[in-house]
Amino acid sequence: MEQQNELPIKIVLDTWYGNVSRADALFNTLTDEQLQGEVSPGRNTGTYLLGHLTAVHDRMLPLLGFGAQKYPQLDEVFITSPDKSGKTMPPIADLRAYWKDTNETLATHFKAMQPGEWLNKHTSVSEEDFAKEPHRNRLNVLISRANHLSGHYGQLLFLKK
């Protein structure tokens, strides 16, 4: 069974790493001033999306059973509040560092996992529900977050001049 899971899991991981790599490259080319702009009139700023994506990825740590969030202070600003809520955002330099650190931490955990571990339940599903819905597993979380990142990456492209 383990060998049977390797190829589809590699495909999903390659998608994840590719999306993170593209987002890294984009964040590295955008200036702080560009990140402060809106992706389109009346929409989110690049700064907000950088913080939002970082917070979402940080929340993957406990969801996948890797330990506590590293930056839980981002949740109130970037998860439970919309952009322009008046909440104080961390400096862009800090957000860039948190983004890099969070994704490096996830990569370290991902590389240590065996293929079969991806099919284990994530921490927000009960044993009873998982028995009925085994697709509620770690791999499904990674697929969902890769798609989430891809969608926001498309928005962030509008910040390039």
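Anyway, here's the lowdown on the structure attached to this text. (Residues numbered from 1 in each chain as written. Predicted model: local features only at pLDDT ≥ 70, side-chain atom pairs only at ≥ 80, totals over all residues. Heavy atoms only, no water.)

Some words on the packing of aromatic side chains
Reasoning step 1: In total, this model carries 7 aromatic pairs according to the counting rule given.
Reasoning step 2: Look at Trp 16 and Phe 110: their rings are 6.0 Å apart centre to centre, the planes differ by 75 degrees, and that puts the pair in the edge-to-face class. A residue pair is termed long-range when its members are at least 10 positions apart, and Trp 16 in helix α1 (residues 2-29) and Phe 110 in helix α5 (residues 92-112) qualify at 94 residues. The exposure classification of Trp 16 matches that of Phe 110, with both residues buried.
Reasoning step 3: Here Tyr 48 and Phe 78 contribute two aromatic rings whose centre-to-centre distance is 5.5 Å and whose plane-to-plane angle is 50 degrees, an arrangement assigned as tilted. Here Tyr 48, found in helix α3 (residues 46-63), pairs with Phe 78, found in helix α4 (residues 74-78); they are 30 residues apart in sequence, far enough to count as distant.
Reasoning step 4: Accessibility expressed as a relative area gives 0% for Phe 78, which makes it buried.
Reasoning step 5: Among the aromatic residues, those joined into a cluster by ring pairs are Trp 16, Tyr 17, Phe 66, Phe 110 and Trp 118. (Phe/Tyr/Trp six-rings, centres within 6.5 Å; stacked < 30°, edge-to-face > 60°. Helix = DSSP H or I, 4+ residues; strand = E, 2+ residues; numbered from the N terminus. Buried < 20%, exposed > 50% of the residue type's maximum accessible area, 1.4 Å probe, protein only.)

Comments concerning unusual backbone geometry
Reasoning step 1: Its identity as a non-glycine residue notwithstanding, Lys 84 has a phi of 65 degrees, on the positive side.
Reasoning step 2: Note on placement: Lys 84 falls in the loop between α4 and α5.

Considering α5
Reasoning step 1: An ideal rise of 1.5 Å per residue puts 30 Å on 21 residues; α5 measures up with 31 Å between its terminal C-alpha atoms.
Reasoning step 2: Among all positions of α5, only Ile 92, Leu 95, Tyr 98, Trp 99, Thr 102, Asn 103, Thr 105, Leu 106, Ala 107 and Phe 110 are buried. (Expected span 1.5 Å × (residues − 1).)

Describing the nonpolar core
Reasoning step 1: In terms of nonpolar packing, the biggest core is built from 40 residues, with Trp 16, Phe 27, Trp 99, Phe 110, Trp 118 and Leu 142 touching the most fellow members.
Reasoning step 2: Among the elements of the structure, α1, α3, α4, α5 and α7 (138-156) are those that each provide at least two residues to this core.
Reasoning step 3: Ignoring sequence-local partners within four residues, the contact set of Trp 16 consists of His 57, Met 60, Asn 103, Leu 106, Phe 110, Leu 142, Arg 145 and Ala 146. (Core = buried A, V, L, I, M, F, W, Y, C linked by side-chain atoms within 4.5 Å. Contact = heavy atoms within 4.5 Å.)

Examining the packing of α3 against α5
Reasoning step 1: The geometry of α3 relative to α5 is characterised by a closest axis approach of 9 Å and an angle of 30 degrees between their N-to-C directions. Classified by the interaxial angle, the pair formed by α3 and α5 is roughly parallel. For the crossing formed where α3 meets α5, the hand is left-handed. Here Thr 47, Leu 50, Gly 51, Leu 53, Thr 54, His 57, Asp 58, Met 60 and Leu 61 of α3 lie close against α5, whose contacting residues are Ile 92, Leu 95, Arg 96, Tyr 98, Trp 99, Thr 102, Asn 103, Thr 105, Leu 106, His 109 and Phe 110.
Reasoning step 2: Per-class residue counts for the contact of α3 with α5 are 10 nonpolar, 8 polar and 2 charged. (Axes fitted to C-alpha atoms, helices over the stretch in contact; angles between N-to-C directions. Parallel < 35°, antiparallel > 145°, perpendicular 65-115°, else oblique. Left-handed = near helix turned anticlockwise from the far one by under 90°. Nonpolar A, V, L, I, M, F, W, Y, C, P; charged D, E, K, R; others polar.)

Some remarks on the environment of Met 113
Reasoning step 1: Looking at the element boundaries, Met 113 is found in the loop between α5 and α6 (127-132).
Reasoning step 2: Given a relative accessible area of 10%, Met 113 falls into the buried group.
Reasoning step 3: Sequence-distant contacts of Met 113, defined by excluding residues within four places in its chain, comprise Phe 66, Trp 118 and Arg 138.

Some thoughts on the pattern of salt bridges
Reasoning step 1: Within this structure, the stated rule accounts for 10 salt bridges.
Reasoning step 2: Here Lys 100 makes a salt bridge to Glu 104, at a shortest N to O gap of 3.0 Å. A residue pair is termed a helical-turn pair when its members lie 3 or 4 positions apart in one helix, as Lys 100 and Glu 104 do in helix α5 at 4 residues.
Reasoning step 3: Salt bridges sharing partners connect three or more residues here, namely Glu 38, Asp 83 and Lys 84. (Salt bridge = Lys/Arg side-chain N within 4 Å of Asp/Glu carboxyl O.)

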